[in-house]
Amino acid sequence: MNVYLKNVFTDVGNVTLFTSKFFKEVFSPPYEFKEFMKQCYIIGYKSIPLVAITGFIMGLVLTLQSRPTLAKFGAESWLPGMVALSLIREIAPVITALICAGKISSGIGAELGSMKVTEQIDAMEVAAINPFKYLVVTRILATTLMVPLLVIFADGIGMLGGYIGINMHGDVSLFRYISKVFDSLAFVDIIPATIKTFFFGFFIGMIGCYKGFNAENGTASVGQAANSAVVTASLTIFIIDMLAVQLTDLLF
Amino acid sequence: MEQEAKTILPQVTSEEKVPVIEINGLVKTFGENNHVLKGINLSLNKGEDLVILGRSGSGKSITIKCIVGLVVPDEGEIKVFGQNVLNLVTHQLNEVRIRIGFLFQNSALYDSMTVKQNLAFTLKRHASDLTSQEIETHINAVLESVGLAEAINKMPSELSGGMRKRIALARTLILKPEIILYDEPTTGLDTITSREISELILDLKKKNNTSSIIITHDMACAKLTADRIIILKDGVIHAEGSYQELEESEDQWVRSFFI
């Protein structure tokens, strides 16, 4: 038990140091802009198909599953608003973040872990290149920026799925559907939900980088780094979400 | 860079004995009981090729990793070009690192980059005043020097073990280092390729007058390249001398390396 607690506190300390190093390095030149753009392309653009498919299915399934219950109360007309609120406030941010944790955090963990094990990170260091700035800062910044954009994209695609779901059992025009959606939305629904996605993105990148950058020597540790990155990032997303909901509830 | 080197290097009349690396009382322990280095003292003179021999786990790689700051020793002093690297802050240490090349045991090529990008990556960051054309010329020249000009657009995964070593060496040479640290440069290579790499090390020394520390288990490589050999045992220097001196040593354990 003592050893376990010691390991937990050591890990917390190391993560804190790692995070503080990020904030120290992010503002100091030289800036690796080209690598940052490359990571935005890999993390953002290359995740679009996956996010689009899951976003569409989320909207469609949510609509189809909710419809019978609302129909019992004769409240089918509330369906667009309910789908939009559910997607924007909770489902799209959390599901998209979980997908990103699986795809991006594990990818970063495995990539950096492999670089660590094969001494590529050491090679950068002995060539007087700051590997933290080149590998870690760029990836965390890219996830922090790209995950919110992917969530907004998933919101839109999800609502398109909802529109198709509604029209499977009825006939609602796109204009009417969109006006119903916007009628039910307020800024207080959109802003807190969007702000929390920046935190999701930051932690997805940070956990992936931390796990990869601290992989022990040996190929088995690459798999462990990837696996551990997914588990920790997923858990962190739920914790942040819970805190964000509590905070939003308190403030608005 | 050259101006800075003049101010750092001690002014000594005899070129042969100018120490570029001096290590005193180096101690490193991993965990509580794994005493890898127990007080190593060694020096590398300008233009000298020093070979370090020893059994696996005797602390050879740790010693050279301490020199470039990849591993921090528990005790001791490491002077490179007269500066104690253990007292330097990061940007000062980086200025020293630029003057040292390090060839890793597994080559450590950046596997997401082509050969050209591997070489340009380092060069662009330390010679930002160079034009793209000049960078290309430098890369071609250094690839020519290791005999692999045709591999410029290949990915590391497309290269054989020997080619990877040569490209890693080219990447090391791109900044024209004054000292090169070789961590088992011929490990995992066939006899012919090993000899080619050993000859390349010797050739580079003659052309560029670099000083080198070569860690190896390959006695043919040691014989060809060594000006002086150090043998590590149980974290200390057990024997020191030329290849011939150690080969004829009366110490049975030392002689066992040469059988």
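Residues numbered from 1 in each chain as written. Chains lettered and ligands numbered in written order. Predicted model: local features only at pLDDT ≥ 70, side-chain atom pairs only at ≥ 80, totals over all residues. Heavy atoms only, no water.

Helix and strand counts for chain B stand at 10 helices and 10 strands. Relative to the compact-globule value of 18 Å for 259 residues, chain B shows a C-alpha radius of gyration of 18 Å, a close match. Considering only C-alpha atoms, chain B reaches an extent of 55 × 45 × 40 Å along its principal axes. Burial statistics for chain B: of 259 residues in total, 53% are counted as buried. Taking all contacts inside chain B whose residues are at least 6 apart in sequence as the whole, residues at least 24 apart take part in 67%. Taken together, the 28 basic and 35 acidic charged side chains of chain B have centroids lying 3 Å from each other. (Helix = DSSP H or I, 4+ residues; strand = E, 2+ residues; numbered from the N terminus. Rg over C-alpha atoms; globule rule 2.2 N^0.38 Å. Buried < 20%, exposed > 50% of the residue type's maximum accessible area, 1.4 Å probe, protein only. Contact = heavy atoms within 4.5 Å. Lys, Arg positive; Asp, Glu negative; His and termini not counted. Charge placed at Lys NZ, Arg CZ, Asp CG, Glu CD.)

According to UniProt, the "domain: ABC transporter" (unreviewed entry) feature falls on residues 21–259 of chain B. Taken end to end, residues 21–259 of chain B is 37% helix and 26% strand, and its two terminal C-alpha atoms sit 31 Å from one another. (UniProt positions renumbered as here; feature names shortened; annotations may be inferred.)

Residue and element names in this part refer to chain A. Relative to the helices and strands, V172 resides in the loop between helix 6 (131–169) and helix 7 (174–184). The partly exposed category is assigned to V172, whose relative accessible area is 22%. For the pair V172 and S77, spaced 95 residues apart in the sequence, the C-alpha separation amounts to 9.7 Å. If we skip the residues at most four places from it in the chain, V172 touches Y163, I166, N167 and Y177.

Residue and element names in this part refer to chain B. With 5 of its 6 residues buried, strand 9 (residues 228–233) lies for the most part within the structure. Pairing analysis gives 5 bridges linking strand 3 (residues 49–54) to strand 9, with the strands arranged parallel. Paired with I52 across the strands is I230, a residue of strand 9. The pairing of strand 9 with strand 10 (residues 236–241) spans 5 bridges and is classified as antiparallel. Counted as the bridge partner of K233 is V236 from strand 10. Connecting strand 9 to the antiparallel partner strand 10 that follows it, the hairpin turn spans 2 residues, and D234 within it adopts a positive phi of roughly 50°. (Pairing = 2+ DSSP bridges.)

A separate point is the sheet that holds strand 6 (residues 100–103) of chain B. Residue and element names in this part refer to chain B. Read across the open sheet, the 6 strands follow the order 6-7-8-3-9-10; overall the sheet is mixed. Two strands lie at the open edges of the sheet, namely strand 6 and strand 10, each paired on one side alone. Mean inter-strand twist for the sheet, computed between neighbouring axes without regard to direction, equals 15°. The sheet contact formed by strand 7 (residues 179–183) and strand 8 (residues 211–215) spans 5 bridges and is parallel. Note that in strand 8 the partner of L181 across the bridge is I213. (Axes fitted to C-alpha atoms, helices over the stretch in contact; angles between N-to-C directions.)

Residues and elements named next belong to chain B. Counted under the stated rule, the structure contains 18 salt bridges over all chains. One salt bridge connects E196 with R166, and the closest N-O pair in it is separated by 3.3 Å. With E196 in helix 7 (residues 191–208) and R166 in helix 6 (residues 161–173), this residue pair connects regions lying 30 residues apart in the sequence. Its relative accessible area of 36% is what places E196 among the partly exposed residues. (Salt bridge = Lys/Arg side-chain N within 4 Å of Asp/Glu carboxyl O.)

Attention now moves to the side chain of D49 of chain B. Residue and element names in this part refer to chain B. Along the chain, the position of D49 falls in strand 3. For the buried D49, no salt bridge is present, and the opposite-charge side chain at shortest range is K205, 4.3 Å distant. Side chain to side chain, D49 and S212 meet in a polar contact 3.1 Å long. Other than its neighbours up to four places away in sequence, D49 contacts I201, L202, K205, T210, S211, S212, I214, T225, A226, D227 and R228. (Polar contact = N/O pair within 3.5 Å; in protein donor to acceptor, adjacent residues only side chain to side chain.)

Now for the nonpolar core. Burial of nonpolar side chains together is a common tendency in soluble globular proteins. With 98 residues, the main nonpolar core has I21, I67, V80, I179, L181 and I213 of chain B as its most contacted residues. With 15 residues, helix 6 of chain A is the single largest residue contributor to this core. Contacts of V80 of chain B, omitting those with residues within four sequence positions, involve V20, I21, I67, V85, V96, I100 and I179 of chain B. Ranked by size, the runner-up nonpolar core spans 48 residues in total, among them L53, L148, I174 and A239 of chain B. (Core = buried A, V, L, I, M, F, W, Y, C linked by side-chain atoms within 4.5 Å.)

Okay, the packing of aromatic side chains next. Residue and element names in this part refer to chain A. Applying the stated criterion across every chain, the model contains 16 aromatic pairs over all chains. With a centroid separation of 5.1 Å and 70° between ring planes, the pair formed by F18 and F132 is classed as edge-to-face. Residue F18 is found in helix 1 (residues 2–26), and its partner F132 is found in helix 6; the two are separated by 114 residues along the sequence. Comparing F18 with F132, the two get one shared label, buried. On the basis of an interplanar angle of 25° and a centroid distance of 5.8 Å, the ring pair of F23 and F202 is categorised as stacked. In this pair, F23 sits in helix 1 while F202 sits in helix 8 (residues 187–213), placing the two residues 179 residues apart along the sequence. Judged by relative accessible area, F23 falls into the partly exposed class, the value being 42%. (Phe/Tyr/Trp six-rings, centres within 6.5 Å; stacked < 30°, edge-to-face > 60°.)

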